[in-house]
Amino acid sequence: MKDVVITGYLRTAQSRSRPKDPARDWFGKMRADELLAKLLPELVKRQGIDPKELDDFIVGCATAVGEQWAYGGRFPIFLANFPDTIPAKFVDQQCGSSMAAIHMAYLEVASDNADIVMVGGMEHMTRVPMGGMTSDSGMIAPNMALFAAPEYLHWDMMTSINMGLTAQKLLSQTDFTREDMDKWALRSHQLAAKAQEEGFFDGEILPIEAPQADGSVTTVNKDQAVRGDTTLEGLAQLRSAFKEGHQITAGNSSPLNAAATAMILMSREKAKEKGIKPLAAIRAIGFAGVDPTIMGSGPVPASRKALDKVGLQATDVDYWEINEAFCIVALNCIKQLGIDPERVNVMGGGTAIGHALGATGIRLVGTLARILNKKGGRYGCANACVGGGQGVATIIERET
Amino acid sequence: MKTDFKTIKVDIQGAVAVLVMNNPPVNQLSEHFVLELAEAISSGFEDPQVKAVVLTGTGKNFIAGADLTEIYKVKDKEYLLPRVKANSAFLNRIEMGPKPVIAAINGNALGGGLEIAMACHYRVAAKGVQLGQPEVMVGLIPGAGGTQRLPRLIGLPNALEMITVGRPIDAEKGYSRRLVDEVADPENLVPTAVAAAGRFISGKISLESKRTRFRYNRLPSAAELKAVSNGAKFMAMTKAKGYIAPFKAIDAIEKGLSFDMEADIDREAELFSDCAVSDVAKNLIGIFLNTRSAGRLPRIEGITPAPIKKVAMLGGGVMGSGIVNLLLSAGLDTVLWDINQEALNKGVASVRKTYDYPIKKKKMTQEGLESMLEKQLTTTTALEDVREVDLVIEAVLENMQVKQDIWKQLETICKPEAVFATNTSALPITEMASVLKDPGRMIGLHFFNPAHRMQLLEVICAQKTTDQTLATCVAFARTIKKIPIVVNDAPGFYVSRQLGGLFGGSVYLVADGVDGNQIERVMKDFGMPMGPAELADLTGIDINYHVNRTFEQRLGERYKIHPLTEAIYQTGCYGRKTKAGYMDYSGDRPIPNKKVVDVIQKYLKDNGVSPRKVSDEEIVDAMLALAINEAALMIEEGVCDRPQDMDLAMIYGTGFPPYRGGILRYADKWGCANVYKKLVELESRYGVRFKPSQLLKETADSGKTFYPQ
């Protein structure tokens with residue numbers, strides 16, 4: 001196995017998506033593939049590599065329908081006017097999609113089938129909305145037998161396909177309360193706002209000139225959903241987002257977002273040969289399946305698997321990026337794995353920064369690598385829950 | 001709810017109000033009808049018992065679009081704009097209304113009809129109905145949100161095509177593109193729509209998700225919109241040169257499709273109004289309206305056309321086989337006669353060939369063709385076999401004697417009421433008919449090649465053609481889907497002589513040192529499909545020469561063949577068929593034919609003429625002045641008297657650019673006094689060919705126009 005390092009990471013800011021009011025999404029007039037295509041040339045330029053040297057390009061996206069269908073990953077290559085010799089793949093592991101892209105790239109490089117692989121993630125939740133709107137427009141059509149046939153009822157698909165209901169079910173299996181979740185959400189916004197203020201994210205966000213609904217052009221260079229002024233009282237007043245009487249609210253869930261992310265992985269030898277200082281090395285990957293009605297529990301077994309591979313305890317990990325699809329996911333993971341909460345999502349999490357589904361995996365690993373470099377820890381673990389009942393995790397080690 | 005409407009029948013089915021629109025003849029969106037429709041829908045919205053509204057029509061149309069006669073009259077944008085906006089506001093009220101409105105599209109939904117359907121929340125279409133935004137065909141753009149709603153439903157590329165080309169799609173295609181939500185058998189249409197209404201009422205379908213303006217997921221990104229619009233503009237520049245509407249439609253789309261649909265619809269209303277008051281729209285609407293009334297002459301008003309069920313076609317050559325195609329396609333029993341079996345076999349093979357295209361395009365099957373031929377077509381070499389027919393069309397050798405012999409025989413064979421029609425392109429029909437005991441039964445039906453494709457049918461009355469014969473043939477023309485233009489017997493009838501007038505000036509200009517290539521380009525820029533030399537090469541320089549010779553012999557000094565025409569004819573280069581005419585076609589690409597170039601050079605040298613630079617405008621003026629004069633002469637001579645029909649004949653018969661409205665419409669726009677002045681100037685330079693007709697002089701003097709003002 002070759003040693004695989006992350007040498008570059010870049011993302012767009014995450015705009016706040018509003019499928020029913022697209023004018024308010026800063027990226028409302030851009031497509032996800034256009035966002036991604038902006039990143040690719042810039043990232044290779046910053047790395048000082050020729051796009052011709054890319055042995056593969058793997059794109060993750062959770063709702064790969066409509067305009068997010070990417071011709072097997074080739075469209076972003078074409079839009080970036082990259083050489084046609086770069087092969088591509090398109091990965092859908094729902095919210096784990098771009099982490100799955102990292103995993104595939106890791107395996108390709110580790111197994112010496114590739115030297116340099118670029119991975120990308122994209123999602124535009126205004127232009128290709130989740131759930132009902134995608135279903136109404138005929139872009140997704142789940143097999144109805146799963147919802148109706150007696151032999152499938154045990155899957156409880158009505159819950160399994162509605163992320164808010166799965167989060168509520170997970171909550172019901174823990175001792176956490178609405179207030180715990182709201183407090184975590186508040187922390188997420190405060191930390192993210194602070195990181196924004198301190199310019200931490202400027203090191204990973206490529207400003208994008210985005211056409212706006214009114215015809216103007218805005219430079220989008222910060223995450224749109226971060227609200228430093230959020231208060232616990234404000235969060236407490238929010239109504240249930242998914243079902244009356246439930247505790248999952250818009251405040252303690254991640255918002256809808258549009259964003260793209262990109263990362264370059266290569267063998268240590270290649271990085272050395274090219275004189276590129278890696279951001280981090282990948283030490284282990286983990287993926288696990290769980291009951292789809294509590295998909296938010298997925299990061300726990302996925303992280304355990306990854307930790308086991310390298311013989312680490314959760315407490316050996318210096319920093320965690322746990323995707324806050326819902327605050328309860330992070331809280332549950334912290335409790336189950338016995339993690340110090342202060343080591344988790346130290347620059348804020350998905351509740352504030354955003355969770356543009358298919359783009360998230362790279363955002364988690366990339367931000368984590370930058371946190372390790374900034375704060376000086378050794379190991380970091382990024383994980384995410386995955387709709388349909390899965391978890392994904394990646395353990396990285398800071399380069400010294 | 002209110003139920004006493006003149007144009008709308010209200011049928012309450014439980015909680016659903018079914019509004020049946022009935023504004024004969026085609027449910028056109030006339031002002032009164034729209035007001036009643038708005039009132040009926042509002043009334044449904046206000047009635048608490050009514051939970052949903054179904055909108056459907058009677059007859060072959062759901063709504064056939066705006067009343068073009070109303071738009072045709074409007075000259076003032078300031079007058080029009082608020083009305084267009086008010087109409088859009090009505091559609092917005094449907095879309096944003098408190099209750100679901102389901103369009104049950106029973107028949108064609110075109111223009112404003114489709115726009116109303118798109119403002120509804122759900123569309124059920126009857127199988128086979130046509131859905132379209134054909135406004136560009138009459139110089140307009142969709143003016144009630146069509147440019148904004150259609151892309152939201154079917155995506156930008158498909159919407160751009162439908163809006164800029166104007167071709168409708170059928171319900172099935174509409175379903176596959178998601179323009180309609182369901183397709184139903186006509187008898188199940190309203191029940192299907194009522195059932196859909198029920199799903200809205202029960203909450204199974206959310207009204208909010210079905211408001212078209214909120215269907216953002218098919219809207220392009222800014223970059224896509226720019227790229228696709230630019231592509232569409234490029235396409236329009238090559239295919240719609242001279243037109244305004246396709247560009248305005250692209251403009252409405254490119255500047256629209258934002259998240260603020262009200263503003264986009266307002267912009268669309270502005271662009272629509274710009275189009276509506278333009279000359280191009282007036283010309284195109286005029287053509288549309290005149291096409292419907294073509295051939296409806298006062299002299300045949302009230303005459304019942306004789307039924308034509310069985311037709312004999314004499315001669316299965318190029319024209320004959322095309323005409324047989326028309327007869328068969330119209331469902332008529334057809335007898336094809338030719339002189340021997342070999343000619344007949346060739347003829348039938350040619351008829352089959354005319355169906356290659358529809359079979360290739362899957363509009364018809366080989367089995368369908370065979371079955372049609374079996375059922376409808378009989379062939380014979382015996383004239384006696386045509387005795388049962390109602391109409392005989394003759395397209396045999398262009399020889400008076402041969403034709404007259406046949407007609408004489410037929411008069412003894414056919415039933416007395418059968419109509420005799422000749423497809424001659426040059427022989428005097430009055431003379432042809434003179435051998436008949438009943439010359440009143442004879443008429444000219446001048447088809448254009450290829451007969452099954454060209455829309456025009458020149459109907460030529462000989463001196464004794466009866467009104468009954470004419471009425472029957474005008475109706476017959478409509479049966480075979482042709483546009484009948486009625487003229488009187490004269491050399492070249494109308495179209496050939498008018499085309500001679502339009503292109504006849506070129507030889508005078510060339511002989512005066514003007515570059516022939518410039519003339520070709522200018523006439524194409526003007527909008528003609530080809531220039532005079534290119535057309536001559538296609539039809540045959542020798543054929544043109546003989547036609548001109550006939551004009552010279554029968555019409556006199558004015559039509560004397562120009563010496564340069566004579567010299568070019570004498571080269572023996574007759575065009576494409578001899579591989580050389582004005583151009584040399586022997587190589588891969590046509591190049592100027594040296595022989596003809598030399599003849600022209602020699603002519604110029606012999607006559608001491610130097611090459612002369614003229615503006616494009618001067619060429620257009622000279623060519624059009626002569627064309628207008630020719631039209632005036634023909635009116636004067638009684639060849640024809642209806643400007644609208646004359647203009648249609650040139651548009652449908654020769655490809656005269658429709659957006660210019662026709663030669664006489666052009667004359668009116670230019671001003672007859674200006675035309676007259678130009679002709680006087682040209683006459684002094686080139687002689688009698690350009691001498692203004694008396695009619696033109698009178699029209700110019702009186703300040704009148706050819707079209708009624």
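Refer to the structure presented above.
Residues numbered from 1 in each chain as written. Chains lettered and ligands numbered in written order. Predicted model: local features only at pLDDT ≥ 70, side-chain atom pairs only at ≥ 80, totals over all residues.

### Looking at the pairing of strand S20 (residues 483–488) of chain B
All names here are of chain B. With 6 of its 6 residues buried, S20 lies for the most part within the structure. The two faces of S20 match: Ile483, Ile485 and Val487 on one face and Pro484, Val486 and Asn488 on the other face are all buried. Both strand S19 (residues 456–461) and S20 contribute to a ladder of 6 bridges, which runs parallel. In the sheet register, Leu456 faces S20, and the bridge partner there is Ile483. In terms of handedness, the path from S19 via helix H19 (residues 467–479) over to S20 forms a crossover that is right-handed. (Buried ≥ 20, exposed ≤ 12 C-beta atoms within 10 Å, placed from the backbone. Helix = DSSP H or I, 4+ residues; strand = E, 2+ residues; numbered from the N terminus. Pairing = 2+ DSSP bridges. Right-handed = clockwise from strand over helix to strand, strands pointing away.)

### Some points on the interface of chain A and chain B
In this complex, chain A contributes 17 residues to the contact, which on the side of chain B involves 10 residues. Here the side of chain A that touches chain B is built from residues that sort into 8 nonpolar, 3 polar and 6 charged. (Contact = placed C-beta atoms within 7 Å. Nonpolar A, V, L, I, M, F, W, Y, C, P; charged D, E, K, R; others polar.)

### Things to note about the nonpolar core
Taken as a class, soluble globular proteins show a tendency for nonpolar side chains to be buried jointly. In terms of nonpolar packing, the biggest core is built from 353 residues, with Leu265 of chain A together with Val54, Ile102 and Val392 of chain B touching the most fellow members. It is helix H27 (residues 616–637) of chain B that provides the largest number of residues to this core, a total of 13 residues. Residues within four places of Ile102 of chain B in sequence aside, it is in contact with Ala52, Val54, Cys120, His121, Tyr122, Val124, Ala193, Ala196 and Ala197 of chain B. (Core = buried A, V, L, I, M, F, W, Y, C linked by C-beta atoms within 7 Å.)

### Structural notes on the sheet that holds strand S5 (residues 61–63) of chain B
Residues and elements named next belong to chain B. Taken in spatial order, the 4 strands line up as S5-S8-S10-S11 in an open sheet, and their pairing is mixed. Edge positions in the sheet fall to S5 and strand S11 (169–170), since each of these pairs with one other strand and no more. Sheet topology places S5 next to strand S8 (residues 108–110); 2 bridges connect them, and they run parallel. The partner of Asn61 across the bridge, within S8, is Asn108.

### A closer look at the packing of helix H6 (residues 156–165) of chain B against helix H9 (residues 222–239) of chain B
Residue and element names in this part refer to chain B. Where H6 meets H9, the closest approach of the two axes is 11 Å, and the angle between their N-to-C directions is 30 degrees. Here H6 lies roughly parallel to H9, going by the angle between them. Crossing geometry of H6 relative to H9 is assigned as right-handed. In contact with Leu156, Pro157, Leu160 and Thr164 of H6, H9 contributes Leu225, Val228, Ala232 and Ala236. Residue composition of the contact of H6 with H9, grouped by class: 7 nonpolar, 1 polar and no charged. (Axes fitted to C-alpha atoms, helices over the stretch in contact; angles between N-to-C directions. Parallel < 35°, antiparallel > 145°, perpendicular 65-115°, else oblique. Left-handed = near helix turned anticlockwise from the far one by under 90°.)

### Considering helix H4 (residues 112–119) of chain B
Among the 8 residues of H4 of chain B, 8 are classified as buried, and the element is accordingly described as predominantly covered. When H4 of chain B is considered as a whole, its buried residues turn out to be Gly112, Gly113, Leu114, Glu115, Ile116, Ala117, Met118 and Ala119 of chain B.

### Quick look at H6 of chain B
The complete set of buried residues in H6 of chain B reads Leu156, Ala159, Leu160, Met162, Ile163 and Thr164 of chain B. Following H6 of chain B by one or two positions, Gly166 of chain B adopts a phi angle in the positive range, close to 90 degrees.

### As for the sheet that holds strand S16 (residues 391–394) of chain B
Residues and elements named next belong to chain B. On the basis of which strands lie adjacent, the open sheet formed by 8 strands has the order S15-S14-S13-S16-S17-S18-S19-S20 and mixed pairing. Every interior strand has two partners, whereas the edge strands, strand S15 (377–380) and S20, have only one. If you compare each strand with its neighbour and ignore which way they point, the axes differ by 25 degrees on average.

### Concerning unusual backbone geometry
The residue after Pro24 of chain B, namely Pro25 of chain B, is reached through a cis peptide bond having omega 5 degrees. Mapped onto the elements of the fold, Pro25 of chain B is located in the loop between strand S2 (16–21) and strand S3 (28–29). For the bond from Asn449 of chain B to Pro450 of chain B, the omega torsion is -5 degrees, close enough to zero to count as cis. Structurally, Pro450 of chain B is set in the loop between strand S18 (442–447) and S19. With phi around 45 degrees, Asp156 of chain A is a residue other than glycine that occupies positive phi space. Judged by the 16 C-beta atoms lying within 10 Å of it, Asp156 of chain A is partly exposed. Although it is not a glycine, Lys481 of chain B sits at a positive phi angle of roughly 60 degrees. Within the secondary structure layout, Lys481 of chain B lies in the loop between H19 and S20.

### What to know about the pairing of strand S5 (residues 116–124) of chain A
Residue and element names in this part refer to chain A. Across the 9 residues that make up S5, a large majority, 9, are buried. Here S5 shows no split at all, with Ile116, Met118, Gly120, Met122 and His124 on one side and Val117, Val119, Gly121 and Glu123 on the other all buried. Two elements, strand S3 (residues 56–60) and S5, share 5 bridges in a ladder whose sense is parallel. Bridge pairing in S5 places Phe57 opposite Met118. In terms of strand pairing, S5 meets strand S8 (residues 257–267) through 9 bridges, oriented antiparallel. By the bridge assignment, Ile116 is partnered in S8 with Met266.

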